[in-house]
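Take a look at the letters that make up each chain.
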Amino acid sequence: MPKRSYPLPRVYGLLEPGPVVLVTTRRKGKPNIMTMSWHTMMEFEPPLIGCVISGRNASFDALRATKECAINIPTQDLAKQVVGIGNCSGEAVDKFARFGLTAVEASEVKAPLIAECYASLECRVADTRLVNRYNFFVLEVVRAWVDTAVKNPQTLHHRGNGVFAIAGETIKLRSAMK
């Protein structure tokens, strides 16, 4: 079958980088949550994550000021909350209360973890050289938590325009990597 031209604004959906996550921050005592799907692993050890956060929201300002956050990985049972969180501003609303999520104290950062997410990564900003130009933060994971009872997490993957895929079948192939 021949290939056809594809609209450039839709390329993102072809290369989605991984599961949709909930980024938590705390600034001046106020916790916030934002939905994020533009992130990528950059290094194994120490674990580095690159992410784009819009300069038009409260989480950008909080991350820039505090230089720390938590990345919480939800599963499909939180899909409606994930979308709702992404469609409102933390400036106007307590997202933990509105979406019925439980803030849990982290051990290494002030940003809260989300109890209902199957995994949480405590992060500190490692590099800001691309923030002014691209809103791109490099985060170092300083502590990781995972619910070991969740064997095959059904994570959400954003394809664009309100369309999500759910992580499905997994296969295991031999690898020389650790």
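Residues numbered from 1 in each chain as written. Predicted model: local features only at pLDDT ≥ 70, side-chain atom pairs only at ≥ 80, totals over all residues. Heavy atoms only, no water.

Engineer: I keep staring at a nonpolar patch on the surface and nothing clicks. Help me out?
Structural biologist: A cluster of nonpolar side chains, contributed by Tyr6, Leu8, Val11, Leu14 and Leu15, occupies part of the molecular surface with about 540 Å² of accessible area. With respect to the helices, strands and loops of the structure, Leu14 is situated in the segment before strand E1 (21-27). (Patch = residues over 30% accessible without salt bridge, like charges linked within 9 Å, V, L, I, M, F, W, Y side chains within 5 Å. Areas by Shrake-Rupley, 256 points an atom, 1.4 Å probe, with all protein chains shown as cover. Salt bridge = Lys/Arg side-chain N within 4 Å of Asp/Glu carboxyl O. Helix = DSSP H or I, 4+ residues; strand = E, 2+ residues; numbered from the N terminus.)

Engineer: Sorry, what's going on with the pattern of salt bridges here?
Structural biologist: Side chains that differ in charge, positive against negative, can pair when their charged atoms come close. A complete count under the given rule lists one salt bridge for this structure. Two residues, Arg129 and Asp127, come together in a salt bridge whose shortest N-O distance is 2.5 Å.

Engineer: How should the environment of Met34 be read in this particular structure?
Structural biologist: Relative to the helices and strands, Met34 is located in strand E2 (residues 30-36). For Met34, a relative accessible area of 9% corresponds to the buried category. It is 8.8 Å that separates the C-alpha atoms of Met34 and Cys88, two residues lying 54 residues apart in sequence. (Buried < 20%, exposed > 50% of the residue type's maximum accessible area, 1.4 Å probe, protein only.)

Engineer: Is there a simple way to think about the sheet that holds strand E5 (residues 68-73) in this case?
Structural biologist: Within a sheet, neighbouring strands are paired by backbone hydrogen bonds and run either parallel or antiparallel to one another. The strand order across the open sheet formed by seven strands is E2-E1-E5-E8-E9-E4-E3, and the pairing between neighbours is antiparallel. If you trace the sheet from one side to the other, it starts and ends with E2 and strand E3 (39-43), each paired once. On average, each strand axis in the sheet is tilted by 35° relative to the strand beside it, whichever way the strands run. Two elements, strand E4 (residues 48-52) and strand E9 (residues 136-146), share five bridges in a ladder whose sense is antiparallel. Residue pairing for E9: Val52 is matched across the bridge by Phe136. Here helix H2 (residues 79-86) sits on the sheet in contact with E1 and E2, set at roughly 105° to E2. (Pairing = 2+ DSSP bridges. Axes fitted to C-alpha atoms, helices over the stretch in contact; angles between N-to-C directions. Contact = heavy atoms within 4.5 Å.)

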